[in-house]
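Structure assessment
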Amino acid sequence: MNSDAAITGESANMIVLIGLMGSGKTTVGRALAKRLNLVFRDSDEAVEKTAKTSVREIFENQGEDIFRKLESEALVDLCDTKSSIVLAVAGGAIISQSNRDLLQKNAQCIVWLDAPTPTLISRTGRGKHRPLLDGDPVGSLNKMRLDREPLYQQLATHRLVTQSLAIDEVVERIMSLCSLETGTAPLTESSENVATR
Ligand code: S3P
């Protein structure tokens, strides 16, 4: 875990959430941003906005390599923002060394959200932007875990297991782990469990 990460980039208040599909990055990120009164951004949404089409369409019509290129470009744009943001980084973005370098350079705190594979599976059923899980979701997620865990471990300043935690509990723990101060906006999703878009 990279708890001594030098956090010296220009957007010094970027809070980054990383982790496998279904780990709760988007849901938690939205709630955390609301709590901190910060803007929330999501790398998949940024890609979709630029490409003017869905993640699934990009995978199907242009292939994963093009998606990864768009994803890297989106991260450069997102990290270039001069305002403080909470950023949910799609699960596979950290495969790229340059993406990892960029996040490390710009983030104040990088939290790796994790949960056991059955929990991820139950949550990912709700997201249609995950073509890599179409065939064998359990096998694919297990393989991704194996391949990516060392990278999440290396990049994260903190790891948080979200299983069975309500959204507001996850938010509280991130606030505490990252020594964040509460913003003015109230948290509204207090009784829901972590789920994904
Ligand atoms: C992917 C994760 C997805 C999306 C795409 C590929 C991955 O985002 O970018 O389906 O390789 O892990 P989420 O992590 O937000 O589900």
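Right, let's walk through the structure included here. (Residues numbered from 1 in each chain as written. Predicted model: local features only at pLDDT ≥ 70, side-chain atom pairs only at ≥ 80, totals over all residues. Heavy atoms only, no water.)

Some remarks on the overall build of the protein
- When helices and strands are tallied, the protein shows 8 helices and 5 strands.
- For the protein, the proportion of its 197 residues judged to be buried stands at 52%.
- When contacts within the protein are restricted to residue pairs at least 6 apart in sequence, long-range pairs at least 24 apart make up 80% of them.
- When the accessible surface of the protein is totalled, it reaches about 9,100 Å², and 49% of it is carbon and sulfur. (Helix = DSSP H or I, 4+ residues; strand = E, 2+ residues; numbered from the N terminus. Buried < 20%, exposed > 50% of the residue type's maximum accessible area, 1.4 Å probe, protein only. Contact = heavy atoms within 4.5 Å. Areas by Shrake-Rupley, 256 points an atom, 1.4 Å probe, with all protein chains shown as cover.)

Some thoughts on the side chain of Lys-25
- Along the chain, the position of Lys-25 falls in helix H1 (residues 25–36).
- Look at Lys-25: it is buried, it has no salt bridge, and the nearest opposite charge is Asp-44 at 7.0 Å.
- A polar contact is formed between the side chain of Lys-25 and the backbone oxygen of Leu-20, at a distance of 3.1 Å.
- Among residues more than four places away in sequence, those in contact with Lys-25 are Leu-17, Ile-18, Gly-19, Leu-20, Phe-40, Ala-88, Val-89, Ala-90, Gly-91 and Leu-113. (Lys, Arg positive; Asp, Glu negative; His and termini not counted. Salt bridge = Lys/Arg side-chain N within 4 Å of Asp/Glu carboxyl O. Polar contact = N/O pair within 3.5 Å; in protein donor to acceptor, adjacent residues only side chain to side chain.)

A look at the packing of aromatic side chains
- Across all of its chains, the model carries 2 aromatic pairs by this definition.
- Seen from their ring centres, Phe-59 and Phe-67 are 4.8 Å apart, and the 40 degrees between their planes marks the pair as tilted.
- Taking the relative accessible area as the measure of exposure, Phe-59 reaches 14% and is therefore buried.
- Taking the ring centre of Trp-112 as reference, the NZ or CZ of Arg-159 above it sits at 5.1 Å. (Phe/Tyr/Trp six-rings, centres within 6.5 Å; stacked < 30°, edge-to-face > 60°. Lys NZ or Arg CZ within 6 Å of the ring centre and 35° of its normal.)

Quick word on the sheet that holds strand S1 (residues 14–18)
- Spatial strand order, S2-S3-S1-S4-S5: 5 strands in an open sheet with parallel pairing. The open sheet has two edge strands, strand S2 (39–42) and strand S5 (158–161), and neither has a second partner. On average, each strand axis in the sheet is tilted by 25 degrees relative to the strand beside it, whichever way the strands run.
- Where strand S4 (residues 107–114) lies against S5, 4 bridges are found, and the strand directions are parallel. (Pairing = 2+ DSSP bridges. Axes fitted to C-alpha atoms, helices over the stretch in contact; angles between N-to-C directions.)

Topic: the state of the cysteines
- Taken as a whole, this structure holds 1 disulfide when the rule is applied.
- Two residues, Cys-109 and Cys-178, share a disulfide whose sulfurs are 1.9 Å apart. When the S-S torsion is -60 degrees, as for the bridge of Cys-109 with Cys-178, the disulfide is left-handed. With Cys-109 in strand S4 and Cys-178 in the segment after helix H8 (167–177), this residue pair connects regions lying 69 residues apart in the sequence. A single burial state applies to Cys-109 and to Cys-178, both of which are buried. (Disulfide = S-S within 2.5 Å.)

Comments concerning the site of the ligand
- In the region of the ligand, 15 residues are neighbours, and Asp-44, Arg-68, His-129, Arg-130 and Arg-148 sit closest.
- Note that an oxygen atom of the ligand is positioned 3.1 Å from one of the backbone N or O atoms of Gly-92.
- A distance of 2.7 Å separates an oxygen atom of the ligand from a polar side-chain atom of Arg-130.
- Within the complex, 99% of the 390 Å² of free accessible area of the ligand lies under protein. (Near = heavy atom within 4 Å.)

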